[in-house]
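Overview (structure and organization)
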Amino acid sequence: MSNQIHKVTVGFPVYNVEAYVYRSLKSVLDQTLDDIEVIVVDDCGSDHSMDVIHDLIASHPNGNIVRIIKHKKNAGLAEARNTAIKNAQSKYIYFLDSDDYISTDALSILYNNAEKYQTDVVFSSNYKQEGDRIWVEDKDILPSIQFLNKGEFSSYLYNTLKDIMPNTVWNILFRMDFLHNNNLLFPDIRFQEDIAFNELYHPCIERAAFIPNKL
């Protein structure tokens, strides 16, 4: 069972993302949801990402919600996310890649849906961005639908979504007990970690929700 001190833990792996990490972490510190924690996992990069993070923590009024855990050596994205899982003190966990960012109400919307439907996971929709260009692809907009009985999610996934189901994990809120009770961790690989993790947790889902909000 998870140690549920907070509502949501944000797992935040950091490795050579100096150009993006300020906007990414600030988007978490600016969240409207109260009672969250951020676990920054320092995966031993070679740039100044962690200097940016320390400066932001010192200057932001919510900087005190951040915990930094430093790996002894570079271990890769999968292990960095596992470090967040193992150290989270919350009811839910959200994995944010440190070159992405979220809307200020993202965690509030995800949390409220998870609580309303008592889900194992909540999937949100998303934008894409490259430079100053921001756009939305049809496959990134999910319908508003809930799967509240065992087997409904798997049936919908394999019969309706098939090959268009997103393979990402940075648009999902996971219930910590769901991960713990099913012994779910990311496989120790450095390529297509999200796809491999999907293969593990999808069959375990009993209750889930899709939301069209682009968070």
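Here goes a summary of the coordinates provided. Every chain is numbered on its own, with residues counted from 1 as its sequence reads. Note on the predicted model: pLDDT of at least 70 is required for a residue's local features to be given, and 80 or more for side-chain atom pairs to be given and counted; whole-chain, interface and lining totals, by contrast, use all residues. Side-chain numbers here rest on the full set of heavy atoms in the structure, without hydrogens or water.

Turning to the sheet that holds strand 10 (residues 208–214), a few remarks are in order. Reading across the sheet, the eight strands line up as 3-2-1-4-9-5-10-8 and stay open at both edges, with mixed pairing between neighbours. Each end of this open sheet is capped by a strand with a single partner; those strands are strand 3 (66–70) and strand 8 (145–147). Neighbour-to-neighbour, the strand axes of the sheet open up by a mean angle of 20°, direction not taken into account. Each pair of strands is called paired provided DSSP finds at least two bridges between the two strands. What counts as a helix is a DSSP run of H or I of at least four residues, what counts as a strand is a run of E of at least two, and both are numbered from the N terminus. One ladder, built from three bridges, connects strand 4 (residues 90–95) with strand 9 (residues 172–175); its direction is antiparallel. Bridge assignment links Y94 to a residue of strand 9, and that residue is L173. Between two residues, a contact is recorded if the distance between any of their heavy atoms is within 4.5 Å. Lines fitted to the C-alpha atoms define the axes, with helices restricted to the stretch that makes contact. Angles between their N-to-C directions range from 0 to 180 degrees. Where helix 4 (residues 106–117) meets the sheet, it contacts strand 1 (6–14), strand 2 (36–42), strand 4, strand 5 (121–125), strand 8, strand 9 and strand 10, and its direction lies at approximately 130° from that of strand 4.

Estimated volume of the second largest pocket: approximately 190 Å³. P13, V14, Y15, L77 and S98 are, among the 13 residues lining the second largest pocket, the residues nearest its centre. Secondary structure elements with two or more residues in the lining of the second largest pocket: strand 1 and helix 3 (77–87). Taken together, the residues that form the lining of the second largest pocket break down as six nonpolar, three polar and four charged. Two kinds of site are reported from a 1 Å grid over the protein atoms alone, namely cavities, where a 1.4 Å probe fits but cannot get out, and pockets, open sets with protein on both sides within 12 Å along at least five of seven lines, and residues are called lining when an atom falls within 4 Å of a point. Grid points are joined across faces, edges and corners, and a volume is the space filled by probe spheres set on the points. Residues were grouped as follows: Ala, Val, Leu, Ile, Met, Phe, Trp, Tyr, Cys and Pro as nonpolar; Asp, Glu, Lys and Arg as charged; and all remaining residues, including Gly, as polar.

Despite not being glycine, D35 shows a phi value in the positive range, around 60°. Relative to the assigned elements, D35 resides in the loop between helix 1 (21–29) and strand 2. Relative accessibility decides the category of a residue: with a 1.4 Å probe and only protein chains considered, values under 20% of the type maximum give buried, values over 50% give exposed, and everything between is partly exposed. Residue D35 is classed as partly exposed on the basis of its relative accessible area, which comes to 37%. In the Ramachandran plot, N183 falls in the positive-phi region, its phi being about 50° despite a non-glycine side chain. By relative accessible area, which is 69% here, N183 ends up exposed.

Aromatic contacts are taken between Phe, Tyr and Trp rings whose centres are within 6.5 Å, Trp giving its six-membered ring; a plane angle under 30 degrees counts as stacked, one over 60 as edge-to-face, and the others as tilted. Applying the stated criterion across every chain yields a total of 14 aromatic pairs. Three or more aromatic residues link up through ring pairs in this structure, and these residues are F95, F174, F186, F197 and Y201. When the ring centre of W135 is taken as origin, the NZ or CZ atom of R133, which lies over that ring, is 3.9 Å away. For a Lys NZ or an Arg CZ to count as sitting over a ring, it must be within 6 Å of the ring centre and within 35 degrees of the ring normal.

This next bit is on the nonpolar core. Counting 34 residues, the largest nonpolar core has V8, F12, V38, I53 and L107 as its most contacted members. Looking at this core, the elements with two or more residues in it are strand 1, helix 1, strand 2, helix 2 (49–59), strand 4, helix 4 and strand 10. Examining the composition of this core, we find that seven residues originate from one element, helix 4, more than from any other. When neighbours within four sequence positions are excluded, I53 is seen to be in contact with F12, V14, V21, L25, V40 and I68. Residue types Ala, Val, Leu, Ile, Met, Phe, Trp, Tyr and Cys, when buried and joined through side-chain atoms within 4.5 Å, form a set referred to as a nonpolar core. Ranked by size, the runner-up nonpolar core spans 27 residues in total, among them A78, L142, L179 and L184.

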